[in-house]
Amino acid sequence: GGTPLLLGDDDAQNMALPFTFPFFGENQTTFGISSNGWIGFPGADGQIPGEGGADLAEPGPQPLIPVPFFGMSLFPLGWAWNPSAGGVVYIENLTAPDRVVVTWYSVPEFGQPGQNSFQVVLYADGTIDFTVGRLSVQDVGMWSGFNYGDGVTGTQFGMAPMFSSYTFTYGA
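Residues numbered from 1 in each chain as written. Predicted model: local features only at pLDDT ≥ 70, side-chain atom pairs only at ≥ 80, totals over all residues. Heavy atoms only, no water.

*Asks:* Residues and numbers for the overall build of the chain, please.
*Replies:* In terms of regular secondary structure, the chain is built from zero helices and 12 strands. Listing the helices and strands of the chain from first to last along the sequence gives β-β-β-β-β-β-β-β-β-β-β-β. Counting across all 172 residues of the chain, residues that qualify as buried make up 48%. Taking the intrachain contacts of the chain between residues at least 6 apart in sequence as the baseline, contacts between residues at least 24 apart amount to 56%. Per element, the accessible surface of the chain, about 7600 Å² overall, is 53% carbon and sulfur. (Helix = DSSP H or I, 4+ residues; strand = E, 2+ residues; numbered from the N terminus. Buried < 20%, exposed > 50% of the residue type's maximum accessible area, 1.4 Å probe, protein only. Contact = heavy atoms within 4.5 Å. Areas by Shrake-Rupley, 256 points an atom, 1.4 Å probe, with all protein chains shown as cover.)

*Asks:* Just give me the short version of the packing of aromatic side chains, but keep the residues and values in it.
*Replies:* Using the criterion set out here, one finds 11 aromatic pairs in the structure. Where Phe 21 meets Phe 41, the ring centres are 5.7 Å apart and the plane angle is 20°; that geometry is what we call stacked. Highlighted residues: Phe 21 in strand E2 (residues 12-23) and Phe 41 in strand E4 (residues 38-41), separated in sequence by 20 residues. Classification of Phe 41 by relative accessible area gives buried; the value is 5%. Pairing Phe 23 with Phe 146 gives two aromatic rings, centres 6.4 Å apart and planes at 45°, and the pair type is tilted. With Phe 23 in strand E2 and Phe 146 in strand E10 (residues 143-148), this residue pair connects regions lying 123 residues apart in the sequence. Taken together, Phe 21, Phe 23, Phe 24, Phe 41, Phe 130, Phe 146 and Tyr 148 form an aromatic cluster joined through their ring pairs. (Phe/Tyr/Trp six-rings, centres within 6.5 Å; stacked < 30°, edge-to-face > 60°.)

*Asks:* Give a detailed account of the pairing of E2, specifying residues and quantitative values.
*Replies:* Bridge count between E2 and strand E3 (residues 26-34): eight bridges; the pairing is antiparallel. When the bridges of E3 are listed, Gln 13 appears paired with Ile 33. Joining the antiparallel neighbours E2 and E3 is a turn of two residues, in which Phe 24 adopts a positive phi near 50°. (Pairing = 2+ DSSP bridges.)

*Asks:* Now, about the nonpolar core: what can you tell me, with residues and values included?
*Replies:* Grouped together as the largest cluster of nonpolar side chains are 33 residues, with contacts concentrated most on Phe 31, Ile 33, Phe 41 and Val 102. Among the elements of the structure, E2, E3, E4, strand E5 (72-78), strand E6 (88-94), strand E7 (99-107), strand E8 (116-123) and strand E9 (128-132) are those that each provide at least two residues to this core. The element contributing the most residues to this core is E2, with five residues. Among the nonpolar cores identified, the runner-up in size contains five residues, and Ala 44, Phe 70, Phe 75 and Trp 143 belong to it. (Core = buried A, V, L, I, M, F, W, Y, C linked by side-chain atoms within 4.5 Å.)

*Asks:* Mind laying out the side chain of Thr 103, listing which residues take part and the relevant values?
*Replies:* Mapped onto the secondary structure, Thr 103 falls in strand E7. The class of Thr 103 is buried, set by a relative accessible area of 14%. A polar atom in the side chain of Thr 103 sits 2.7 Å from the side chain of Gln 119. If near-sequence neighbours (up to four positions away) are discounted, Thr 103 is found in contact with Val 88, Val 89, Tyr 90, Phe 118 and Gln 119. (Polar contact = N/O pair within 3.5 Å; in protein donor to acceptor, adjacent residues only side chain to side chain.)

*Asks:* Break down the side chain of Asn 36 for me, with residues and values.
*Replies:* For Asn 36, the position within the fold is in the loop between E3 and E4. From its side chain, Asn 36 meets the backbone nitrogen of Trp 81 in a polar contact 3.2 Å long.

*Asks:* Outline the environment of Thr 3, supporting the account with residue identities and numerical values.
*Replies:* Along the chain, the position of Thr 3 falls in strand E1 (residues 3-5). Spatially, the C-alpha atoms of Thr 3 and Tyr 90 are 5.3 Å apart, while their sequence positions differ by 87 residues. Residues contacting Thr 3, with those up to four places away along its chain left out, are Val 89, Tyr 90 and Ile 91.

*Asks:* Quick one: what's the story with unusual backbone geometry, residue by residue and with numbers?
*Replies:* In this structure, the amide linkage connecting Phe 41 to the following residue, Pro 42, adopts the cis form with an omega of 5°. Here Pro 42 is to be found in the loop between E4 and E5. Cis geometry is adopted by the peptide bond preceding Pro 97, which originates at Ala 96 and carries an omega value of 5°. One non-glycine residue, Ser 106, lies in the positive phi region at around 55°. Position of Ser 106 relative to the elements: it lies in strand E7.

As structure tokens, then:
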């Protein structure tokens, strides 16, 4: 549930956070939600994670984080998602404990059929939960992790289709 964001393909919406969110030593008060499965601080745009990242001529899955041209960002499931072709991205502000929930619900991969659902929860204490639910992906390039914003440091902890469902919690 929550409030639907009107995001199209390769789109983003920037907004204020309802609390100050500590992220790798910096207090964040604004963020952006990308239709392509990532959140940026202090904002986001419609870039597709992985473009210009890995050497696509190399066989097999490759680490895509850090992403040199992205700032401080979270990737619950970064890829070329297209909510203008179906599904919706929701945001919900909750209390006790204070948190923001962003859900990509039944969103298809660009140019492919299917429904894919995943979520990120940001807690006021800096804890982050990633949850991936139903995936019907056709490609293997999507991934999850953190980009610390310096262009050289990041943490990648998953690439589809290596997982079909998982929850990851990072404590501040």
